[in-house]
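# Chains, contacts and geometry: an overview
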Amino acid sequence: MSGAVGRPVDRVDGHAKVTGGARYTAEIALPGLAYAAIVGAGVPSGRVVTIDAAPARAASGVLAVLTHENLPKVAARPRLLPSLLGAPAPGQSFFPMQDEVVHYFGQPVAVVVAESHEQAQYAASLVEVAYARTPSVTTIDEGRGGAYEAERLFGGLMPGREERGDAETALAEAEVRLDLSYRFAANNHNTLEPPATTAVWEEGRLTLYDSTMGIRASQLTVAQLLGLPLSDVRVVTHFVGGGFGAKAMTWPHVTLAAMAARHVGRPVRLALTRPQTYTSHGHREEQEHELSLGATRDGRVTALRHHKLSITSPFDDWAEPATGVSSQLYACDHYQGVHRLIRGNTMTPTFTRGPGETVGVFVLETAMDELAHELGIDPVELRLRNRAATDPRGNPWSSDGLADCLRLGAERFGWHGRDPGTRARRDGDWLIGTGMAAAAYPVAFFMPAQRARARVYEDGGAVVQAGTQEFGTGMLTVATQVAADALGLPMEAVRFEAGDTDLPNTSAAVGSAGSGMVSAAVHAAATALRDQLVALAVADRGSPLYGADPAAVNVREGRMLLRDRPETGEAYGELMRRNRLADAEATGSWSPPPLDTPHGLLTFGAQFAEVAVDPELGLVRVRRMLGVFAPGRVLNPKLARSQLTGGMLWGLGQALLEGNRMDPRHGRWGAANLGEYLVAVNADVPEITAEFVEVADDVVPLGIKGVGEIGQVGAAAAIANAVFHATGRRIRELPLAAELVMDPPGTPA
Amino acid sequence: MRPLAYARVSTVEEAVETVTAAPGSAFLAGGTTEVDLIRLGIARPGLLVDINDLPLTGVEDLPGGGLLIGALARMSDVARAPEVAGRYPGVSRALLLGASQQLRNMASMGGNLCQRVRCAYFRDGLSPCNKREPGTGCSALDGLNRGHAILGTSEHCIATHPSDVAVALAAFDAVVRTSGPGGARRIPIDDFYLLPGDTPERENPLAHGELITAIELPPAGIARRSIYLKFRDRESYEFALVSVCAALSVRDGIVAEARLALGGVGTKPWRARHAEARLTGAPATAESYAAAAAAELAGAAVRRHNAFKVELARRAIVRGLTLAARGGAR
Amino acid sequence: MGIDLSAEAAPRRRTTVRGPSDEPVVLTVNGTEHAVNLEPRVSLLDALRDRLALTGSKKGCDQGTCGACTVWVDGRRVLACLTLAITCEGRQVTTIEGLTTDGELHPMQRAFIEHDAFQCGYCTPGQIMSAVALIEEGNAGTDQDIAEFMSGNLCRCAAYPGIRAAIRDVRDARAPEPGATGDGG
């Protein structure tokens, strides 16, 4: 019988999720629970002149109203660092309600705590706040004059500029040159579960139930903000209703919940309302890109200059890094990537699925489509011609697969024989077009050591633990598969437990790194435990395996067997009972390769899409999508496909529907609910296929490169390229709204 | 949500009396607009009078082939009622293209007629809004107004009327029956919806305590081949950028009778009478349809982000009339 | 039921005004009567989640825009967030917790697992309550119908293709092939 890894097994938490038994954070029932509601600032900039909390305090059921006047000061202001790093990870370096200054609309100015949810929400509406408003900047257009080049990004982790060769000169000398400008509306994650935190204090120790992609990040951040020892802060999460980056960092409401609970001396639940999610954690920022591309007439890219301009908060230099792929995907000696920023009155933007690169790749891959069209070269062939055999430093890729993804995708999609002419296919009112894009996403390795623990009981059952969390990626399932195989047990005998900082420490599961790093730690722990038990057996005179070479012992279905003579062996339980062991336990850890590992680190893929465009009405409907990906080892193809197709459909939303704009007069989002911020519904979604190209990789953990982001990267570009093919109209703006897509009056059919 | 008192009533008379007697009260039917707006703090009744037990759920024949639709009939039930789907397919289709099945199962026909606008400035409870707080100004005029109306606007309000079915009802001269403190009355649907003008806070002529009891659909043979097309960014579960209810009666290539109403572009469900007048007696050709569309849209007033809707509506009208002339099959 | 405007249709009674503070309310959920004290402003969704510990129905928006709170009232799928609990007196409420009989999963629940028709799981109870009702309504005939009539349930993980596949499976298992005999499943 083959192992569990690599098989399309059902989710281990499937039963809990389909029965309603899975408990999410706002569903934790606690005796004496009180409910908190945030009052958000009604202006984007200025200061609070007065807060009249008396009507709220007088409302029925109200326990407390906290404002900057009575909220204790935080103990520290941790630096903004990505949660993967394993350090405190506030979403922004600013913490609210420390003084009267307002930096962004929706910034918490009061927190109301009451006996019931209804009472808290209503009392929050009774808090009267008077503001002295000052001028605000919330759009690129308003702040363009004050743009500056970012020296460092990601809390200082990454340079804002990347340069090699001489892009200016190479562009000036290029046989073909494209100078293209792009605009992108902001995006909001809209996890279906709004973030929530429940805080409980017992004898000075804090337990937080938090809807987070990183319990460890919540623990570290809240401990530092409140000046608590880490051992006094425990963070628990059972199920998380979607992450997508929204819950990758620890935003102020988490700590505010803890402060509110301490103030009223009772457990407090703080669940954000849907509109508050738009102003309680970051977003994908409004941005503009400029791409200049130089090439030879035979389609060799010679120079790329990729500049991004985006708007950040008053406190942090944050831009999604958008040039990690455009600087590496194609062999090109002359490259310049620059991030420029505008300080505005918004929260600090944050990771949003496929952070940075999903936009950067849109720019690169629609530009490549323009180049292909201009030169009359097939778009797939153009990618193959330019693909980089090594990273820009000359290091080999840890694993590649791009060419195979492109070729297999073209074959499966039926790309060959495509008429490159635009407006060439019609179906009734619809013009039909096809498009493709290459996809790549960086593999991130800046996490600390990841740890896990494995325990086998004498009855043959196992519990494996790691302080990670389940937010839809299938972490509980794949970790169970990995543990079962490493222990030589059937999956049913293994329970994987997560979601508690008292368990062995892992980092936030972000940047597509989660399944790889946690699986590697689980694998290490389970392997250590198996080795420990095998070592015990071969040293035990009572064991049939006594004296055997441990390397000659296999474990299957909980039995340790001689590889050559499988009839010789015994079960874990027999060994343990004989040795009076109720259980056996081991820990394991995995550390990433050094940051200067001599390898290029990208995950590759290829995206194909067919669209129907109603050119009169500007409507775009996607008819089919195909993605081919090379994410290294696939632990569970069923779950990996779900995540990849989910990412591709995020690309569909990004291309066609998703966009938010600030009203600069009021300094707030135009859309702050799911009726106006449009995400794809069932009827928008075509049948969709994700395929794999197998690549072996011995640099990344267990050969796993991750599937969280790569599905989205390039999908929007493939759709936009298909829209061009259908209509002949090149739109360098997302989303592709009807008014952009519809033919201008007088367009010939 | 603000505190609420609640009463359940079992007759129309009791409903009318109860609401009339309590100044801060409102009827509660499906609740899909009312509960949402109370939670947002936009609607502020102190007492909700639950009318869901009233016997107003039927769909009945009227003499001559018309229909009487009970005010508490649910959208989903009306949509699939054979009389409606057979005699007024445009009405049925408009119902099915509105909201989601869950909302259609909840929302009553009377409540649908009374639904409030989806303008974000109206709903946010913060922005100046003449509809919410008369005299404070209209934030949409110079704000984010992509979804806003181009027909029937005023300098005080440009919010789009959100209903789909009301558009189809407008096309077929529906009449709203009410019962109120002053007795019963019948209000033609065109009079039921008020243009914003100087009083955008007033959307219909209902008096406090006046209850919609039924909707009459007069006999209209032309409606049997009516169509309803809805165009929007998302394929489903979204309000219209533009929608068209159309029915044409064509004899010997000449339009004998035309019905046309528009959604998504007007401050009220927009009966396109200029276009109908232009169509009647004209050849049933794309040119006539385009001329009719142009006539209707001549009065369009656009703002910064919604200017595209004029061209979009023009094309949608031509599309709708072309389809209607072919007999309505999709 | 017809349209009856006559005042005599029901005996006159004194209208009882309840609230705004707590009122005793009996809610029948999944066949069980629950006596609770509720303010009239409490939504069915909050009553289920916070008062009855039936947290399978999810709060995604509280605005009628996501479908995560889909439950059945008198057998029809509705949104619990826009339904006031007190209006459900005398009506039958069914939630995801009531779909399982004696611990046995409903075929739709099994099909969702098999087709991996979810990731984070937050929209899943609402999707399943909608999906079962969809078939009952007769709106699952074609893929296009399924997609349209399931569009009131957002899935941010975008498991829509799996959701449609699960619904197709259950629909096809229920409807025997034309001419087929047997117990009909």
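Since this is a predicted model, take the numbers as computed values, not measurements.

### Some points on the overall build of chain A
Of regular secondary structure, chain A possesses 17 helices and 33 strands. Taken over the C-alpha trace, chain A has a radius of gyration of 27 Å; the compact-globule value for 749 residues is 27 Å, and the two agree within 12%. Overall, chain A is about 90 × 75 × 50 Å in size when its C-alpha atoms are taken along their principal axes. Counting only residues that meet the buried cut, chain A has 67% of its 749 residues in that class.

### Some points on the domain arrangement of chain A
Residue and element names in this part refer to chain A. Entries for chain A in the domain assignment read domain 1 (32–348), domain 2 (353–444 + 597–741) and domain 3 (447–590). The distance between the C-alpha centroids of domain 2 and domain 3 comes to 39 Å. With 13 residues of domain 2 in contact, the opposing surface of domain 3 contributes 16 residues. Note on domain 2 versus domain 3: buried area summed over both sides is about 1,100 Å², and carbon and sulfur give 64% of it. Inspection of the domain 2/domain 3 interface yields zero salt bridges. On inspection of domain 2 and its partner domain 3, the count reaches four residue pairs in polar contact (both at pLDDT 80 or more). The residue inventory of the side of domain 2 that touches domain 3, partitioned by class, reads seven nonpolar, four polar and two charged.

### Details of the interface of chain C and chain B
Much of the literature gives interface size as the accessible area that the parts lose upon coming together. Listed as interface residues are 47 residues of chain C and, on the opposing side, 55 residues of chain B. Buried area between chain C and chain B, both sides added, is near 4,100 Å², and the carbon and sulfur share of it is 53%. Linking chain C with chain B are three salt bridges. The partner of Arg 76 of chain C in a salt bridge is Asp 77 of chain B, with the nearest N and O atoms 3.1 Å apart. The tally of links between chain C and chain B comes to 19 residue pairs in polar contact (both at pLDDT 80 or more).

### Looking at the pairing of strand S24 (residues 553–556) of chain A
Residues and elements named next belong to chain A. Burial along S24 is one-sided: the residues Val 553 and Val 555 are buried and none of Asn 554 and Arg 556 is. Where S24 lies against strand S25 (residues 559–562), four bridges are found, and the strand directions are antiparallel. Residue pairing for S25: Val 555 is matched across the bridge by Met 560. Between S24 and the antiparallel strand that follows it, S25, lie two residues; Glu 557 among them carries a positive phi value of about 50°.

### Section: the interface of chain C and chain A
Taken residue by residue, the interface counts 51 residues in chain C and 55 residues in chain A. When the two sides are added together, the surface that chain C and chain A hide from each other amounts to roughly 4,200 Å², 53% of it contributed by carbon and sulfur. Applying the counting rule to chain C against chain A returns seven salt bridges. Here Lys 58 of chain C and Glu 27 of chain A are joined by a salt bridge, their closest N and O atoms 2.8 Å apart. Put simply, chain C and chain A have 26 residue pairs in polar contact (both at pLDDT 80 or more) between them. Among the elements of the structure, helix H1 (44–51), helix H2 (107–114), helix H3 (124–137), helix H4 (143–149) and helix H5 (160–174) of chain C are those that each provide at least two residues to the side of chain C that touches chain A. The element contributing the most residues to the side of chain C that touches chain A is H5 of chain C, with five residues.

### Here we look at helix H12 (residues 475–487) of chain A
All names here are of chain A. For H12, spanning 13 residues, the distance from its first C-alpha to its last is 18 Å, which sits close to the expected 18 Å at 1.5 Å a residue. By the burial criterion, the buried members of H12 are Met 475, Leu 476, Thr 477, Val 478, Ala 479, Thr 480, Gln 481, Val 482, Ala 483, Ala 484, Ala 486 and Leu 487. A positive phi of about 70° marks Gly 488, the residue just after H12.

### Describing the sheet that holds strand S3 (residues 47–50) of chain B
Strand pairing in a sheet is mediated by backbone hydrogen bonds. Such pairs are either parallel or antiparallel. All names here are of chain B. On the basis of which strands lie adjacent, the open sheet formed by three strands has the order S1-S3-S2 and parallel pairing. Edge positions in the sheet fall to strand S1 (5–8) and strand S2 (25–28), since each of these pairs with one other strand and no more. Strand-to-strand, the axes of this sheet are offset by a mean angle of 25°, without reference to chain direction. Its contacts with the sheet place helix H1 (residues 12–21) against S1, S2 and S3, and it is angled at close to 150° to S2.

### Focus on the side chain of Gln 63 of chain C
Looking at the element boundaries, Gln 63 of chain C is found in the loop between H1 and strand S3 (70–73). If sequence neighbours within four positions are ignored, Gln 63 of chain C has contacts with Arg 274, Pro 275 and Asn 673 of chain A, Asp 36, Leu 40 and Arg 123 of chain B together with Cys 81 and Leu 82 of chain C.

### What to know about the domain arrangement of chain C
Residue and element names in this part refer to chain C. Each assigned domain of chain C is listed here: domain 1 (22–97) and domain 2 (107–174). At the junction of the two partners, domain 1 supplies 15 residues and domain 2 supplies 16 residues. Carbon and sulfur atoms make up 57% of the surface buried where domain 1 meets domain 2, a total of about 1,300 Å² over both sides. It is Trp 72, Arg 77 and Ile 96 that lose the most area in domain 1 upon contact with domain 2, and together they represent 50% of the buried surface on that side. Where domain 1 packs against domain 2, one counts one salt bridge. Across the pair Glu 137 and Arg 77 runs a salt bridge whose closest N-O atoms are separated by 2.8 Å. Run the count over domain 1 and domain 2 and you get eight residue pairs in polar contact (both at pLDDT 80 or more). Split into classes, the residues belonging to the side of domain 1 that touches domain 2 amount to four nonpolar, seven polar and four charged.

### Comments concerning unusual backbone geometry
Residues Leu 734 of chain A and Pro 735 of chain A are joined by a peptide bond in cis, for which omega reads -5°. With respect to the helices and strands, the residue Pro 735 of chain A is situated in the loop between strand S33 (733–734) and helix H17 (738–741). Backbone torsion omega between Gly 19 of chain C and Pro 20 of chain C reads 5°, so that peptide bond is classified as cis. Checked against the element boundaries, Pro 20 of chain C lands in the segment before strand S1 (23–29). The phi dihedral of Asn 190 of chain A falls on the positive side, at around 55°, and the residue is not glycine. Positionally, Asn 190 of chain A belongs in the loop between strand S11 (176–184) and strand S12 (196–202).

### Some details on the packing of H3 of chain C against H5 of chain C
Helix-helix packing is characterised by the crossing angle of the two axes and by the distance between the axes. All names here are of chain C. It is at 10 Å that the axes of H3 and H5 come closest, and there the two elements cross at 40°. On the basis of the axis angle, H3 is oblique to H5. Of the two possible hands of crossing, H3 and H5 adopt the one that is right-handed. Facing H3, whose interface residues are Gln 127, Ala 131, Leu 134, Ile 135 and Glu 136, H5 presents Ile 163, Ile 167, Val 170, Arg 171 and Arg 174. Considered class by class, the residues forming the contact of H3 with H5 number six nonpolar, one polar and three charged.

### Topic: the nonpolar core
Core analysis: the largest hydrophobic core is formed by 274 residues, its most contacted members being Leu 293, Leu 371, Met 560 and Ile 719 of chain A together with Leu 27, Phe 112 and Ile 167 of chain C. Other than its neighbours up to four places away in sequence, Ile 167 of chain C contacts Met 108, Ala 131, Leu 134, Ile 135, Ala 140, Ile 146 and Met 150 of chain C. With 42 residues, the next largest nonpolar core counts Val 78, Ala 94, Leu 97 and Phe 172 of chain B among its residues.

### As for the side chain of Glu 288 of chain A
Residues and elements named next belong to chain A. Structurally, Glu 288 is set in strand S16 (residues 287–295). Here Arg 144 takes part through its side chain, which lies 2.8 Å from a polar atom of the side chain of Glu 288. The residues contacting Glu 288, other than those within four sequence positions of it, are Ile 140, Asp 141, Arg 144, Tyr 182, Arg 183, His 307, Lys 308 and Leu 309.

### Overview of the sheet that holds strand S2 (residues 32–38) of chain C
Residues and elements named next belong to chain C. Taken in spatial order, the five strands line up as S2-S1-S5-S3-S4 in an open sheet, and their pairing is mixed. The sheet terminates laterally at S2 and strand S4 (76–79), the two strands that pair on one side only. On average, adjacent strands in this sheet sit at an angle of 40° to one another, irrespective of strand direction. H3 contacts S3, S4 and strand S5 (92–94) of the sheet and is inclined by roughly 45° relative to S3.

### Some thoughts on the environment of Gly 547 of chain A
Tracing the chain through its elements places Gly 547 of chain A in the loop between helix H13 (514–538) and S24. Residues Gly 547 of chain A and Ala 537 of chain A, 10 residues apart in the sequence, show an inter-C-alpha distance of 8.5 Å.

Calculation notes
- Residues numbered from 1 in each chain as written.
- Chains lettered and ligands numbered in written order.
- Predicted model: local features only at pLDDT ≥ 70, side-chain atom pairs only at ≥ 80, totals over all residues.
- Heavy atoms only, no water.
- Helix = DSSP H or I, 4+ residues; strand = E, 2+ residues; numbered from the N terminus.
- Rg over C-alpha atoms; globule rule 2.2 N^0.38 Å.
- Buried < 20%, exposed > 50% of the residue type's maximum accessible area, 1.4 Å probe, protein only.
- Domains from an automatic or database assignment.
- Contact = heavy atoms within 4.5 Å.
- Buried area = accessible area lost by both parts, 1.4 Å probe.
- Salt bridge = Lys/Arg side-chain N within 4 Å of Asp/Glu carboxyl O.
- Polar contact = N/O pair within 3.5 Å; in protein donor to acceptor, adjacent residues only side chain to side chain.
- Nonpolar A, V, L, I, M, F, W, Y, C, P; charged D, E, K, R; others polar.
- Pairing = 2+ DSSP bridges.
- Expected span 1.5 Å × (residues − 1).
- Axes fitted to C-alpha atoms, helices over the stretch in contact; angles between N-to-C directions.
- Parallel < 35°, antiparallel > 145°, perpendicular 65-115°, else oblique.
- Left-handed = near helix turned anticlockwise from the far one by under 90°.
- Core = buried A, V, L, I, M, F, W, Y, C linked by side-chain atoms within 4.5 Å.

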